[in-house]
Structures are given as C-alpha cells and as structure tokens.
Amino acid sequence: MEDSDIKIFGKEPKAGETDELQLIRLMEAQRANGNIDKASKLGDYLSDIFLNEDELLRRLSEEVGALDYPAAVIHQIKILMFFAAEYCINRELPNMILKSTAINALYGNIKYGDAAFYEEFSDGGEYSFYYLAMRKDTPNVILEIGRTFSMLCGKEDEAGFVELGKRIFNLTQEEVENIIQIFDFKTV
C-alpha cells in the first residue's frame, strides 16, 4: 500500500481545499525564507520616500529639471510616481503574497503618514486612467502614460508634459526596480 492510498478520516478534500492548502504552504515558505518580512520592509521603505515630498521632488528634479509647477501638477507627479511604483511591485515581485504585502505596507504607511494625499489619490480616478493607458492595444504604452499624465495635468497632448510623464514613469520604474533588487527576494 502506498502512502497516497491512505485517506485521512476517509474524506476526499473538498474542491478548493487543495488551493487553500497550497496558499498556506506558499505563505509558510515565504515567511520562512524571509520574503514576507522583506516585502513589508520594501513597502515601508517606499512609503518613506513618498512621505518626504521635498526630498522626493528634489531627487526627481535632478533627473527631469526644475519642477516649478502649480500644486495640482505636483500632485499629479506624485500620483504618477505612486502608480509606477505599484506597477513595478506587481511586475517584479515573484508572487501575489509578496505583492500584496508590499503594497499593503506602502498604502498603510501613506494613509497614516499623509492622510490628505492618501484620500486624494484613493478617491480620485487618476489610477483608472493610467490602467486604461496600460491596457491600450498600442506598441508604445509609455507614450500613452505620458499622454494620460498630460491630460490629467490639464495640458492635453502638450509635448513637454507628455515627455515629462514618460520620463517620470520610466525613472520611477528604474528606481523601484533597483530598490527591489537590493531586497534580494528568494524564489521558492
């Protein structure tokens, strides 16, 4: 008789129980190898960057030039950077448990560290526009992101704003990718 032939308590697992057990095993493995702790720290680290607006904008201005814009445009810059960071987390982290952990830490810290910004972006439709831009059937998604940024700034299709949106998205992705690499997530 094989071990696989033995039925515990004589019941077959219910549909979906195997998925739940797999999820529990994955969570245990991610906790044991330190990935869950790293994902939480990643979210904390990124939120610290976003919460220090002066430093964030100073570092960004070193790459894109002076950010002498009205508060509404600065807000859109932060929204785009936040979207790009979340997009990068979802693209780079190896599984949904780690993605959710990092994003929950990021959102939680932003919510308590800058409630006004959190309320503005969580209630706003900007993310929907960026998601739509990402889903367009076009070979140049980054151009669509730039156009969306330009539109949200009230500068629809102004070349300078389209280019600024593209650069901000690309720079944010590069920076977040580099930060994620530093955390050295383990693959299971």
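Structure's up top.
Overview of the structure. Just so it is clear, the model here is predicted, and its values are computed rather than measured.

A few words now on the pattern of salt bridges. Between side chains of opposite charge, a pair can form as their charged atoms come close. What the rule picks out here adds up to twelve salt bridges. As a salt-bridge pair, R58 and E55 come within 2.6 Å of each other at their nearest N and O atoms. Remark: E55 and R58 occur in helix α3 (residues 53-64); sequence separation between them is three residues, near one turn of the helix. The class of R58 is partly exposed, set by a relative accessible area of 40%. E55 sits in the partly exposed class, given a relative accessible area of 30%. Among the ionic pairs, E92 bridges to R91, the shortest N-O distance being 3.0 Å.

Under the criterion given, the structure shown has 14 aromatic pairs. With 5.9 Å between their ring centres and 40 degrees between their planes, Y87 and F169 make a pair best called tilted. Of this pair, Y87 sits in helix α4 (residues 71-92) while F169 sits in helix α9 (residues 159-183), and the two are 82 residues apart along the sequence. What makes Y87 partly exposed here is its relative accessible area of 30%.

Mapping I77 onto the fold places it in helix α4. A relative accessible area of 0% places I77 in the buried class. When sequence neighbours within four positions are dropped, the list of residues in contact with I77 reads L57, L60, L67, Y69, F149 and I168.

Listed as buried for helix α7 (residues 126-135) are E126, Y127, Y130, A133 and M134. Each buried residue of α7 lies within a common arc of 120 degrees when the element is viewed along its axis, so the set occupies one face. Exposed and oriented more than 90 degrees from the buried face of α7 are L132 and R135. Where α7 is buried, its residues contact α4, α5 (96-113), α6 (115-123), α8 (141-152) and α9.

On to the side chain of Q173. Looking at the secondary structure, you find Q173 in helix α9. With near-sequence residues (within four places) excluded, Q173 lies in contact with A84, Y87, C88, R91 and I142.

Attention shifts here to the packing of α4 against α6. Packing of α4 against α6 brings their axes to within 11 Å, and their N-to-C directions diverge by 75 degrees. As far as their axial angle goes, α6 and α4 are roughly perpendicular. On α6, the residues touching H75, K78, I79 and F82 of α4 are F117, E120 and F121. Its residues assigned to classes, the contact of α4 with α6 shows four nonpolar, one polar and two charged.

The next subject is the environment of A116. Turning to its location among the elements, A116 is positioned in helix α6. According to the relative accessible area criterion, A116 is partly exposed, its value standing at 48%. Residues A116 and E156, spaced 40 residues apart in sequence, show a C-alpha to C-alpha distance of 26 Å.

Judged by nonpolar contacts, the single largest core of 51 residues is most densely connected at L42, I77, F82, I89, F121 and F149. At the level of secondary structure, the elements contributing two or more residues to this core comprise α2 (35-51), α3, α4, α5, α6, α7, α8 and α9. The element contributing the most residues to this core is α4, with twelve residues. Those residues in contact with F82, other than ones at most four positions away along the chain, are F50, L106, Y107, I110, F117, F121 and Y127.

Cut-offs and rules
Residues numbered from 1 in each chain as written. Predicted model: local features only at pLDDT ≥ 70, side-chain atom pairs only at ≥ 80, totals over all residues. Heavy atoms only, no water. Salt bridge = Lys/Arg side-chain N within 4 Å of Asp/Glu carboxyl O. Helix = DSSP H or I, 4+ residues; strand = E, 2+ residues; numbered from the N terminus. Buried < 20%, exposed > 50% of the residue type's maximum accessible area, 1.4 Å probe, protein only. Phe/Tyr/Trp six-rings, centres within 6.5 Å; stacked < 30°, edge-to-face > 60°. Contact = heavy atoms within 4.5 Å. Arc of directions from axis to C-beta. Axes fitted to C-alpha atoms, helices over the stretch in contact; angles between N-to-C directions. Parallel < 35°, antiparallel > 145°, perpendicular 65-115°, else oblique. Nonpolar A, V, L, I, M, F, W, Y, C, P; charged D, E, K, R; others polar. Core = buried A, V, L, I, M, F, W, Y, C linked by side-chain atoms within 4.5 Å.

These figures come from the coordinates and say nothing about function on their own.
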